[in-house]
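Observations on chain architecture
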Amino acid sequence: MIRDVITGFTARPGGKLMRFGAFLLVGLFGVATASSAAVLTATDSTWKVTATNPGAGDWNSNLAFDDSGWQSATELANWAGYSAKVIWSSGGQYSQTETQIWARSIFNLLSLPLSAILNNGFDDDGDIYINGVQVVSDHNGYASNSSADITSHLVLGDNLIAFTATDNYLTWGYNHGAAVQVDANFAEVPEPMSLALLGLGLGGLLALRRRGRLNPSQG
Ligand SMILES: [Ca+2]
Ligand SMILES: [Ca+2]
């Protein structure tokens, strides 16, 4: 018997290696349940917009919809607290003719997130679609922000986010703006070093097993 002078734990020979292996396993599970944050998409000048009604077509559901005639979005301002920009069409923030826009962007997912929250701000109202499913309907009539859990609407590969936004107040000179951002959390992938250490730990456990020291029937 070996008595550990620090813990007082009395163990058979090999006990330290077993505990080392268990420590590595616990460590790996700790890493596997951690998560990392990422911005999946955020409005900026890479988004395509139009101030011409695309009609009741599939602009908001079809990845392959031809938006080559649409503009690149005009960035009006930063959106405080987000990486997204407040965007509109080329008509500018106070246009009295471009008082509604339609916007699209595609983002790619190599893995599905644990969670994905869509944050949005409309001056004044808007509807947002993820892969053709409406996830936001803001028609309260004034500038407002809201958010929606869109985790279940995402797919591997290309995803389409599309929205339309409207302004309601000619009396205030039709000041417009729309901002959208999707924040996600992904399960953290163990780093190669963690895997290498796990391999060493498992190797030690296997070596002990071969020597019969993991068999609880041996006292
Ligand atoms: Ca609103
Ligand atoms: Ca407004």
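Reading guide: rules and limits
- Residues numbered from 1 in each chain as written.
- Chains lettered and ligands numbered in written order.
- Predicted model: local features only at pLDDT ≥ 70, side-chain atom pairs only at ≥ 80, totals over all residues.
- Helix = DSSP H or I, 4+ residues; strand = E, 2+ residues; numbered from the N terminus.
- Buried ≥ 20, exposed ≤ 12 C-beta atoms within 10 Å, placed from the backbone.
- Pairing = 2+ DSSP bridges.
- pLDDT = per-residue confidence, 0-100.
- Contact = placed C-beta atoms within 7 Å.

1. What to know about the overall build of the chain
Assigned secondary structure in the chain consists of 2 helices and 14 strands. With 219 residues in all, the chain has 26% of them scored as buried.

2. Remarks on the sheet that holds strand β4 (residues 48–50)
Spatial ordering of the open sheet is given by β5-β4-β8-β13-β10-β11, a layout of 6 strands whose pairing is antiparallel. Of all the strands in the sheet, just β5 (71–72) and β11 (133–138) have a single pairing partner and so form its edges. Both strand β10 (residues 125–130) and β11 contribute to a ladder of 5 bridges, which runs antiparallel. Within β11, the residue paired with D127 across the bridge is S137.

3. Quick notes on the pairing of strand β9 (residues 115–123)
Within a regular strand, the side chains alternate between the two sheet faces. Two elements, β9 and strand β14 (residues 177–187), share 9 bridges in a ladder whose sense is antiparallel. The residue of β14 that forms the bridge with N119 is Q181. As paired strands, β9 and strand β12 (residues 144–149) are joined by 6 bridges and run antiparallel to one another. Residue N120 lies in a different strand from β12, and its bridge partner there is S146.

4. Details of the confidence of the model for the chain
Across the chain, the average pLDDT comes to 84, with 71% of residues at or above 70. Confidence over residues 1–13 falls short of pLDDT 50; this stretch has 8 contacts with residues more than four positions distant or in other chains. Every residue in residues 22–31 scores below 50 in pLDDT, and together they form 10 contacts with partners more than four places removed in sequence or on other chains.

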